[in-house]
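Chain by chain, the residues:
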Amino acid sequence: MLIIGCDYHPSFQQIAYVNTESGELGERRLAHPEEAEQFYGELKQRNLAVRVGMEASGHARWFERVLRQLQFELWIGDAAEIRTKRVRKQKTDRQDAQLLLRLMMEDRFPRIWAPDAENRDLRQLLWHRHRLVQMRTRVMNQLHVVALNEGLQRKKALWRPAGRKELESLALAPWAHRRRQDLLELLDQLTPQIAKLTQALEAEVEKRVVARRLKTHPGVGPLTALAFELVIGTPDRFHCGKQIASYVGLVPEENSSGNRRRLGHISKQGNVLLRFLLVEAAQVTVRSQPQWRSKFFHLAMRRGRKIAKIAMARKLAVHLYWMWRQGWDYGQFKGFGSHAGAPGNRDGGK
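What counts and what doesn't
- Residues numbered from 1 in each chain as written.
- Predicted model: local features only at pLDDT ≥ 70, side-chain atom pairs only at ≥ 80, totals over all residues.
- Heavy atoms only, no water.
- Helix = DSSP H or I, 4+ residues; strand = E, 2+ residues; numbered from the N terminus.
- Rg over C-alpha atoms; globule rule 2.2 N^0.38 Å.
- Buried < 20%, exposed > 50% of the residue type's maximum accessible area, 1.4 Å probe, protein only.
- Contact = heavy atoms within 4.5 Å.
- Phe/Tyr/Trp six-rings, centres within 6.5 Å; stacked < 30°, edge-to-face > 60°.
- Salt bridge = Lys/Arg side-chain N within 4 Å of Asp/Glu carboxyl O.

Caption draft 1: Looking closely at the overall build of the chain. The helix and strand tally for the chain stands at 14 helices and seven strands. Radius of gyration (C-alpha) of the chain: 26 Å, far over the 20 Å computed for a compact globule of 350 residues. With the C-alpha coordinates aligned to their principal axes, the bounding extent of the chain is approximately 75 × 70 × 45 Å. Classification of the 350 residues of the chain by burial places 40% in the buried group. In the chain, of all internal contacts separated by at least 6 residues, the share reaching a separation of at least 24 is 54%.

As structure tokens, then:
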């Protein structure tokens, strides 16, 4: 087998390799994409079994696709953990490739779970819809500004037929008129595109048992349910809810020593979109569930609304994790929880 440590960059890759049968060692710098494709294609022609190890990074989809087509094994490593294994203060591309190779040879490579091609393609649907919604929100905010400058304050009613008619009837200066028309045209283009993506997303959720089950939780819609399933991948990767909260970046950073314990802001590690959706969904749950609302306001009074929102999002992530792991819908999950304070069961005893 040929084992390759690959220090990947968008325009090139530095590799260090060893042939486990002959003991041959080598290093090369491969330009992207032509030279890299030629090199790995020649390895396939020689009928060599190849294992490539690289740090988790972006802009490598084409490279992963090439290796998958050639039926080569690809290991993705935790970049933060690999960084801790670097002893020397000098850092070069050659040393990085050699470090990756050494970790693989010594069976110390911190391999992480990587989603398959279908999973990644569905994530593009989520991101595309999310970005279009953000664009539409910016356009709507600008139109609100145009209306407010002319004394028209309608808030959400501005997007109803009557409000839209009032906005279009405002007498504006030439360039302000041009701005209003262009923004309205953008709004009219974005809305149907978002509707089509929403239909595709809902259709995909209906195909998935896990996403349908997660959607039964109050406040969790198709977008949050599908994003949670795609990002987490499988609940077997985690042993408890604390690991889920850490994985999505909803736990505080810690810098403690001796008798001093210092907690900072949340780590914000993990998937940005999933963390955003969990915070948004948790706020919907707070508005619809009395127990969540009571807990939220209790935390908000002690620690502030921002910290309370994060705490509710963390709680929601843990709930979804256990619902998935146990194969429960929300009704079964709620029945399994504490009954303290329920009618006829004041102390929670059975």
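Caption draft 2: Broad picture of the packing of aromatic side chains. One pass over the full model with this rule turns up ten aromatic pairs. Note on Phe-39 and Tyr-40: the rings are 5.1 Å apart at their centroids and 80 degrees apart in plane angle, and the pair reads as edge-to-face. Exposure class is identical for Phe-39 and Tyr-40. Each is buried. Joined through ring pairs, the aromatic side chains of Tyr-8, Tyr-17, Phe-39, Tyr-40, Trp-62 and Phe-63 make up one cluster.

Caption draft 3: Broad picture of the pattern of salt bridges. Applying the stated rule across the entire model yields 17 salt bridges. Here Asp-96 and Lys-91 are joined by a salt bridge, their closest N and O atoms 2.8 Å apart. Classification of Lys-91 by relative accessible area gives exposed; the value is 54%. A single network of salt bridges, built from pairs that share partners, joins Glu-118, Glu-204, Lys-207, Arg-208 and Glu-229.

Caption draft 4: Summary view of unusual backbone geometry. Omega for the peptide link from His-32 to Pro-33 comes to -10 degrees, which places this bond in the cis form. Relative to the helices and strands, Pro-33 resides in the loop between β3 (25-31) and α1 (34-45). The residue Asp-107 is not glycine, and still its phi comes out positive at about 60 degrees. With respect to the element layout, Asp-107 can be found in the loop between α4 (93-105) and α5 (117-149). The class for Asp-107 is exposed, based on a relative accessible area of 68%.

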